[in-house]
Amino acid sequence: MKNKTSNNLLVNKPVSQKKFPIATLSLALMSVGYITSCSNVDSNAVNNAASQKVANSVVQPDNGATRNINFLAFGDGGYHVDYPKEKHIKYPKNKEQFIEAEKADWVEDYRPMSEFDHAPIYVYPNTDIATEQGGAQAVGLAMTEVCREKVCEFALQLGDNIYPDGAGADDGKDDQTRMDDLILAPIKPLIAENPDIMVYSALGNHDWKSSRHGVALQTEWMAKQKNFTLGEQGYYKYTIGEPGNDVEFFVLDTNMLLSGQVFHEVPLNKDGSEGDLPQALKDGSAELEQPEAHELPIQDEDEKQLAWLADGLEKSKAKWKIVYGHHILWSIGGTKYSEGHVLRKLLLPSLCEYADAYVAGHEHDLELLTDDCSLYPNSLDKADDNANLLAKKRAPFPLIISGAAAKMRGKHTPFAEQQEKRYPQYELLWSQSFVWGFAHIELDNTNDLLNVEFYTTPRDGSGKAELAAEFSFEKRTD
């Protein structure tokens, strides 16, 4: 971390692990369905149902009283060992082989072996076939524990809701069962104790994996669920809170945005720095990111989404503006940086000008970063050197990553260090890898603070909630 303090960061308090009461609910494994779905999706019905839910989500004034807004943020929760990747079936490994393969990947990425770790290992009954244990049920229990102690009005689901290939995968399994198992089952305890909680979902790259029909199946499923909302086109907005103390959320389909761009993934150098694109193109190490045919934008839907976001943020009358989507803008995992380059150029001009935070998943860890927005000056930055105007310059832009709701991944320390050296606008405030966890966010309307708490839950699957870190940011928009 740079030896400096962001001028909007009021509290930077990594904390000793604080344990919440032990959950008593069982963690029985979910059943597997094997019936192929062949239902057709009524897109108009889906869109109308989703629109109605979003409309119903707007919280009405509370007799004029100031009201804080509290919510959960969790991502990448759609993994369970009953739904493995095809390669784990075709090319099975025992526990030792699985760990050795993880080590080989670690070394290949130039990560320090002293930092190597791996997720808990699950071995399928009556076999020696191993895979990583999923943590979705444990995270669901931990969120339930936190919401007994803190207010949780709703939740942001940050994409990759269904692993590995979304709905409509050609794997012989029933999609209704798949979505019940992977999306609903982990948070049933949370819903049982908070029956009115709404989960506002985004789509991730794994949700797009199989087909557009698969995306439609997930949208249709959510339209039928009392506690889930997924907007008409995959991107949508909604407002919560009383006028003057409200927040407008803009939910992005970042996979759609990326699929409309042409870019390469360039390998890292041995010191963790980003490789040179011209050299990588010359030596053939640059890999062109090629979306599947069904992912390509239809009738400029990616450009329409960007225009919708820019227009919506500029015209929003809400006190707070928060944007979320699956993919990261910055991160320290060491594998998503090419996507970050693309999305920063597409999104930060609007986010820096009008938004208070961006929340993402995709990296299977917990991170908090900022971008000082110096590359995307807003109207105040473009003003003259008047001292009063300069004093009003916006604070660095908070980037919250909460993608540890089922899978674990490690950070790339050399990469993180090189990012600090190369990009003065970037700052890593905190991270924790090889954990299962989530975030709780409060919009404090009394003090105009955005408060972020990160929680983890142990590898034993007990579902205990442990407070890992907490931070506060001053509200940055007018």
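First, a word on scope: everything that follows refers to the structure included in this document. (Residues numbered from 1 in each chain as written. Predicted model: local features only at pLDDT ≥ 70, side-chain atom pairs only at ≥ 80, totals over all residues. Heavy atoms only, no water.)

## Some points on the nonpolar core
Core analysis: the largest hydrophobic core is formed by 84 residues, its most contacted members being Tyr238, Tyr324 and Leu450. Considering every element that reaches this core, the biggest residue donor is helix H4 (residues 136-149), with six residues. Of all hydrophobic cores here, the second largest spans 31 residues; its members include Leu258, Leu309, Ile332 and Leu369. (Core = buried A, V, L, I, M, F, W, Y, C linked by side-chain atoms within 4.5 Å. Buried < 20%, exposed > 50% of the residue type's maximum accessible area, 1.4 Å probe, protein only. Helix = DSSP H or I, 4+ residues; strand = E, 2+ residues; numbered from the N terminus.)

## A few points about the environment of Leu346
Among the structural elements, Leu346 can be located in helix H11 (residues 337-354). A sequence separation of 89 residues divides Leu346 from Leu257, and the C-alpha atoms of the two residues are 8.5 Å apart. Sequence-distant contacts of Leu346, defined by excluding residues within four places in its chain, comprise Leu257, Gln261 and Leu306. (Contact = heavy atoms within 4.5 Å.)

## A closer look at the pattern of salt bridges
Any two side chains of opposite charge can pair, so long as their charged atoms come close to each other. What the rule picks out here adds up to 18 salt bridges. For Glu153, the salt bridge goes to Arg67, with nearest N and O atoms at 2.0 Å. Taken together, the residues Glu153 in the loop between H4 and strand E5 (154-157) and Arg67 in the loop between helix H1 (43-56) and strand E2 (69-74) connect sequence positions 86 residues apart. The salt bridge involving Lys226 is made with Asp196; its shortest N-O contact spans 3.7 Å. You can see Lys226 sitting in the loop between helix H7 (212-223) and strand E7 (228-229) and its partner Asp196 sitting in the loop between helix H6 (188-193) and strand E6 (198-201), a full 30 residues away along the chain. (Salt bridge = Lys/Arg side-chain N within 4 Å of Asp/Glu carboxyl O.)

## Overview of the packing of helix H10 (residues 301-315) against H11
Where H10 meets H11, the axes come as close as 9 Å, and the angle between the chain directions of the two elements is 5°. By the angle between their directions, the pair H10 and H11 is classed as roughly parallel. Here Leu306, Leu309, Ala310, Leu313 and Glu314 of H10 come into contact with H11, specifically with Leu346, Leu347, Ser350, Leu351 and Tyr354. A class-by-class count of the residues in the contact of H10 with H11 yields eight nonpolar, one polar and one charged. (Axes fitted to C-alpha atoms, helices over the stretch in contact; angles between N-to-C directions. Parallel < 35°, antiparallel > 145°, perpendicular 65-115°, else oblique. Nonpolar A, V, L, I, M, F, W, Y, C, P; charged D, E, K, R; others polar.)

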